[in-house]
Amino acid sequence: MQELQSIRAAPPTPPPTEGGALASTLRELAFFREVDDGQLAALVRSGLVERRELARDTLLLEGARGDEHAMCLVISGQLSVGVFDPAALEERGQQQRDAALGQKDGTLMPPGPLARVARKNLASFGQGELFNLAAFPAASPEELVRPFSLSRAVVLLLRSEVLPWLSRSSPAAERAFAAGLAFTSARLRAITGIKHELLDFYLRHGLSVSGPAVRLRQLDLCIDCKQCEEACDDRHGAQRLTLGGYELGLLDFVYTCRTCSDARCLSPCEHDAIKRDAKTGEIQIHEDRCIGCSLCALSCPYGAINMINVAEPEVPTYNARLKARLDKSDKLAFGPGKGRKAMTRRIASKCDHCAGYADQACVSACPTGALIEISPAALFRERPEPTGRRKDRLDVLPVRPFLEGINVRDSGAARVRARKLSVFLWVLGLGAFAVVTAEVLLRALAPRWSASYQGYLLDGVEPAIAEMNVSFLAGSKLALTCGYLGTALMVLSMSYLLQRRFGWFHKTATNQFWLDVHLMTGFVGPLFIVLHSALRLTTWVSVPFWSMVAVVFSGVLGRYLYTLVPSLSSRHELTILECRREITELAKDYPAAADHAYALMSAEGQRAARSWSIGLITLLLWVMFDDVRRMWTRGRDRRALRRLSSRRIARRIASRVDRVVFLERRQELAPRSKSLLKAWKRVHIPFSVLLLVTMVIHIVLAL
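Described below are features of the structure shown in this document. This structure is a prediction, so every number in the text was calculated from the model and none was measured.

**So, the overall build of the protein chain**
So, point 1. Of the regular secondary structure elements, the protein chain holds 24 helices and 15 strands.
So, point 2. Within the protein chain, residue pairs in contact and separated by at least 24 positions form 77% of the contacts whose partners lie at least 6 positions apart.
So, point 3. With the model as given, the accessible surface of the protein chain reaches about 34600 Å², and the carbon-plus-sulfur share is 59%.

**So, a positive patch on the surface**
So, point 1. Side chains of Arg639, Arg642, Arg643, Arg647, Arg648, Arg651 and Arg652 sit close together on the surface and give a patch of like positive charge.
So, point 2. With four residues, the single largest contributor to the positive patch is helix 24 (residues 647–702).
So, point 3. Relative to the helices and strands, arginine 652 is located in helix 24.
So, point 4. Accessibility expressed as a relative area gives 32% for arginine 652, which makes it partly exposed.

**Remarks on the nonpolar core**
Side chains of a nonpolar character, in soluble globular proteins, are inclined to be buried together.
So, point 1. Among the nonpolar cores identified, the biggest contains 63 residues, and Phe253, Ile274, Ile305, Leu379 and Phe380 are the most heavily contacted of them.
So, point 2. Top element by residues in this core is helix 7 (residues 195–204). It accounts for five residues.
So, point 3. Setting aside residues up to four positions removed in sequence, isoleucine 305 forms contacts with Cys265, Ile274, Ile285, Cys296, Ala297, Cys300, Ala348, Ser349 and Lys350.
So, point 4. By size, the runner-up hydrophobic cluster in this structure holds 24 residues, among which are Leu43, Met71, Leu130 and Trp165.

**Some points on the pattern of salt bridges**
So, point 1. Applying the stated criterion to the full structure yields 33 salt bridges.
So, point 2. Between arginine 52 and glutamate 50 there is a salt bridge, and its shortest N-O distance comes to 2.3 Å. Here arginine 52 and glutamate 50 have matching classes, each one buried.
So, point 3. For glutamate 247, the salt bridge identified is with arginine 217, shortest N-O distance 3.9 Å. In this pair, glutamate 247 is assigned in strand 9 (residues 242–248) and arginine 217 in strand 8 (residues 214–218), connecting sequence segments 30 residues apart.
So, point 4. Residue classification places glutamate 247 among the partly exposed residues on the basis of a relative accessible area of 39%.
So, point 5. Here the salt bridges share partners, and the residues they tie into one network are Arg240, Glu287, Arg325, Lys331 and Asp352.

**A closer look at a nonpolar patch on the surface**
So, point 1. Judged by side-chain polarity, Val491, Leu692, Val696 and Val700 come together as a nonpolar surface patch covering roughly 320 Å² of accessible area.
So, point 2. Relative to the helices and strands, valine 696 resides in helix 24.
So, point 3. Of the residues examined, valine 696 reaches a relative accessible area of 44% and is grouped as partly exposed.

**Looking at the sheet that holds strand 3 (residues 79–84)**
So, point 1. The strand order 4-3-6 describes an open sheet built from three strands, whose pairing is antiparallel. Each of the sheet's edge strands pairs with one partner strand only, and the pair in question is strand 4 (120–125) and strand 6 (144–149). Averaged over all adjacent pairs, the angle separating strand axes in this sheet is 25 degrees, with direction ignored.
So, point 2. Contacts from helix 7 reach strand 3 and strand 4 within the one sheet, and its direction differs from that of strand 4 by about 75 degrees.

**Notes on the packing of helix 5 (residues 162–169) against helix 6 (residues 171–189)**
So, point 1. One way to put it is that helix 5 packs onto helix 6 with a least axis distance of 6 Å and a crossing angle of 140 degrees. When the axes of helix 5 and helix 6 are compared, the pair comes out oblique. Side by side, helix 5 and helix 6 meet where Leu163, Leu166, Ser167 and Ser169 of the first sit next to Pro171, Ala173, Glu174 and Phe177 of the second.
So, point 2. Across the contact of helix 5 with helix 6, the residue classes break down as five nonpolar, two polar and one charged.

**Some details on the packing of aromatic side chains**
So, point 1. With the rule as written, the count across this model stands at 14 aromatic pairs.
So, point 2. Ring geometry for phenylalanine 31 against phenylalanine 177: centres 4.9 Å apart, planes inclined by 45 degrees, an arrangement best described as tilted. Residue phenylalanine 31 is located in the loop between helix 1 (15–27) and helix 2 (37–46), and its partner phenylalanine 177 is located in helix 6; the two are separated by 146 residues in the primary sequence.
So, point 3. When the ring of phenylalanine 433 is compared with that of phenylalanine 528, the centres are 5.7 Å apart and the planes differ by 85 degrees; the resulting orientation is edge-to-face. Of this pair, phenylalanine 433 sits in helix 15 (residues 422–445) while phenylalanine 528 sits in helix 20 (residues 511–533), placing them 95 residues apart in sequence. Both residues of the pair, phenylalanine 433 and phenylalanine 528, belong to the buried class.
So, point 4. The aromatic ring of tyrosine 357 is capped on one face by arginine 235, whose charged end is 4.2 Å from the ring centroid.
So, point 5. Over the ring of tyrosine 302 we find arginine 258; its NZ or CZ atom is 4.8 Å from the centre of that ring.

**Re the environment of arginine 345**
So, point 1. Within the element layout of this structure, arginine 345 appears in the loop between helix 10 (320–328) and strand 14 (346–350).
So, point 2. On the accessibility criterion, arginine 345 (44% relative accessible area) is partly exposed.
So, point 3. Placed 36 residues apart in sequence, arginine 345 and asparagine 309 show a C-alpha to C-alpha distance of 5.8 Å.
So, point 4. Setting aside residues up to four positions removed in sequence, arginine 345 forms contacts with Ile308, Asn309, Val310, Ala311 and Glu312.

**Notes on the sheet that holds strand 8**
So, point 1. An order of 9-10-8-15 is seen for the four strands of this open sheet, with the pairing classed as antiparallel. Each end of this open sheet is capped by a strand with a single partner; those strands are strand 9 and strand 15 (371–374). Neighbour to neighbour, the strand axes of the sheet diverge by 45 degrees on average, direction disregarded.

**Digging into helix 10**
So, point 1. Two or three places before arginine 321, at the opening of helix 10, asparagine 319 has a side-chain oxygen 3.0 Å from that residue's backbone nitrogen.
So, point 2. Remark: aspartate 330 follows helix 10 within two positions and exhibits a positive phi of approximately 60 degrees.

**Digging into the pairing of strand 9**
So, point 1. Judged from the four bridges that link them, strand 9 and strand 10 (residues 251–255) form a sheet pairing that is antiparallel. In the sheet register, tyrosine 246 faces strand 10, and the bridge partner there is phenylalanine 253.
So, point 2. Linking two consecutive strands that pair antiparallel, namely strand 9 and strand 10, is a turn of two residues; a positive phi of about 60 degrees is found at glycine 249 within it.

**Structural notes on the packing of helix 18 (residues 477–493) against helix 20**
A pair of packed helices can be characterised by two numbers: the angle between their axes and the separation between those axes.
So, point 1. Remark: helix 18 packs on helix 20, axes separated minimally by 7 Å, with the N-to-C direction vectors making an angle of 155 degrees. Overall, the two elements helix 18 and helix 20 adopt an arrangement that is roughly antiparallel. Judged by the sense of rotation from one axis to the other, the crossing of helix 18 with helix 20 is left-handed. Listed contacts from helix 20 to Ala479, Leu480, Cys482, Gly483, Leu485, Gly486, Thr487, Leu489, Met490, Leu492 and Ser493 of helix 18 are Val517, His518, Thr521, Gly522, Val524, Gly525, Pro526, Phe528, Ile529, Leu531 and His532.
So, point 2. Here the contact of helix 18 with helix 20 is composed, by residue class, of 13 nonpolar, nine polar and no charged.

**What to know about unusual backbone geometry**
So, point 1. Phi is positive for threonine 259, close to 50 degrees, though the residue is something other than glycine.
So, point 2. By the element assignment, threonine 259 lies in the loop between strand 10 and strand 11 (274–276).
So, point 3. Its relative accessible area of 12% is what places threonine 259 among the buried residues.
So, point 4. One non-glycine residue, cysteine 354, lies in positive phi territory at about 55 degrees.
So, point 5. Residue placement: cysteine 354 occurs in the loop between strand 14 and helix 11 (361–365).
So, point 6. When its relative accessible area of 7% is taken as the criterion, cysteine 354 is described as buried.

**Quick notes on the pairing of strand 6**
So, point 1. In terms of burial, strand 6 is a largely internal element, six of the six residues being buried.
So, point 2. Across the two faces of strand 6 the burial is the same, with Leu144, Arg146 and Phe148 and Val145, Pro147 and Ser149 all buried.

**Considerations on helix 20**
So, point 1. Between its terminal C-alpha atoms helix 20 stretches 33 Å, which fits the 33 Å expected from 23 residues at 1.5 Å a residue.
So, point 2. Counting buried positions along helix 20 yields 17 of 23 residues, so the element is predominantly enclosed.
So, point 3. Alanine 534 occupies a position one or two residues after helix 20 and carries a positive phi of about 50 degrees.

What counts and how
Residues numbered from 1 in each chain as written. Predicted model: local features only at pLDDT ≥ 70, side-chain atom pairs only at ≥ 80, totals over all residues. Heavy atoms only, no water. Helix = DSSP H or I, 4+ residues; strand = E, 2+ residues; numbered from the N terminus. Contact = heavy atoms within 4.5 Å. Areas by Shrake-Rupley, 256 points an atom, 1.4 Å probe, with all protein chains shown as cover. Patch = residues over 30% accessible without salt bridge, like charges linked within 9 Å, V, L, I, M, F, W, Y side chains within 5 Å. Salt bridge = Lys/Arg side-chain N within 4 Å of Asp/Glu carboxyl O. Lys, Arg positive; Asp, Glu negative; His and termini not counted. Charge placed at Lys NZ, Arg CZ, Asp CG, Glu CD. Buried < 20%, exposed > 50% of the residue type's maximum accessible area, 1.4 Å probe, protein only. Core = buried A, V, L, I, M, F, W, Y, C linked by side-chain atoms within 4.5 Å. Pairing = 2+ DSSP bridges. Axes fitted to C-alpha atoms, helices over the stretch in contact; angles between N-to-C directions. Parallel < 35°, antiparallel > 145°, perpendicular 65-115°, else oblique. Nonpolar A, V, L, I, M, F, W, Y, C, P; charged D, E, K, R; others polar. Phe/Tyr/Trp six-rings, centres within 6.5 Å; stacked < 30°, edge-to-face > 60°. Lys NZ or Arg CZ within 6 Å of the ring centre and 35° of its normal. Polar contact = N/O pair within 3.5 Å; in protein donor to acceptor, adjacent residues only side chain to side chain. Left-handed = near helix turned anticlockwise from the far one by under 90°. Expected span 1.5 Å × (residues − 1).

As structure tokens, then:
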């Protein structure tokens, strides 16, 4: 076909060695285990089976979809099936040549991955999987449904006559093929609803061909402190990861190297400046050889490689810190005997997972454990689990991690310094406060049970007099002790600021530990101050108390908003999409009901859109009052749907419509709430300073 001329399918293996190689390949496959050598040789001679080797991003077949072949068996590599626009395929250029292998034909600048050209990726197949080539019909005449290679692959193409041949010659092999097709069919049927979106995301963004672990950010844990980016910059002189990458639900697959199994960045380099380490598998840039040609950066589809200027200070991309680091190790040298012949203006920079270091700077620096590394195959779990229960076998592409988060706090597969003593800190702080509070309550309610009363008795004081002396006043010894302890804890809470300002502070403990210290002391310290004041707030001393209240409240509010806002704005997208898909599915036999439901959602969306320009507080009130209005209009909408469909279908469609309206409003409200994220520091930091100053004055005057 005309649209396939720019991407030729791989030709069959040359005839001279094809028979022997094909027979050896078939003998190694479980599908042909029960076929004897004579029958196998006859099958090879029949021409019903064809072996093909595919470069990455190669269409499996050309001509009419499926050609004369009926099935495809993947021997190695990965294949996908995508829906393509014919014009998009026409625009693709030559196949990329691999300079590292000395290839001369093709271009050093490859086109992007076919998985990204596809309008939609429908399925993927790995080693040992069998599928029917005609199982994916096109949705419209303007679309092409084509299988293609995600990575270098070897496949077997089997004609439709193979199964009848096997039924006559080897019924056991025929049963193996039937079981393989049934397994594939069951796996694909299990991909429903928004699982299609998960699968497309998994393939489109190269996660299926990435290394054993990818770095991601848990949006429901991140507080947007950017310490990961800062730590990376501090260690390497240039930032090698960027937050806000490819987001899906509550997970952000940040812009950084994924150590792809079929790395596109390696092929165009003609100077051996970027290589895969033979021992670790890590892809590393040899900075003493890089000439700054940018081909590796342009070849990476995932934004993992940056070109940084090290020669022209007037250029915005100039980085003095990186230049200083490279000069120190003499990696910018050029001339005879050096890695490059001439001076370079730019250097390629990419993450190498902190090769040569004991930990990964960015993951170690994350104070909340939001930045982790995880196996993409385990996260997306596109293949059924090998369990005996049918429900588990078909539980592919789980949605829950993206809607509810994965709540991994131990850095996953990343190398980090261990987080210790977090629970112990909270137990110690809250336990001490509980003991002191119990003593205060006993002094007020049951003096004879208090520790103060027992102390008087040990000093020889008469019981009646001892009971009269038991009290808790603002200036008492216990109150002063609470004041000292609370002040010490609140001063200690400021250690979190020190670890952000001074590099040497990182050597004392992990950022996660110091954030735990900050949260615990910032919470427990004010509780001791409350006991210290005995709620006597009639003098100027109340100024530090209310400053403390403002500090604590703003801190709690800021922490809440930093985790709530991403949750509201990210997780709802998938839920809304799922509800809309369910409405379409429910109303497939009632098109008028579907049209009415979408008209309702559109009208509510337009109504809400007219209100987003008002102030935030007014908007919050509007949302509440409009929710009450929806309670009155819901009955009218359901009656209209019942006239257009059955009662049961109408009820289920109406519930989805209500859910979409509710979530879309919250989703629109969430970005407006981000203004509060900027405002909370304007309260938290000034009141912290005011608290510190007034606290010092109070202590000096008291002493």
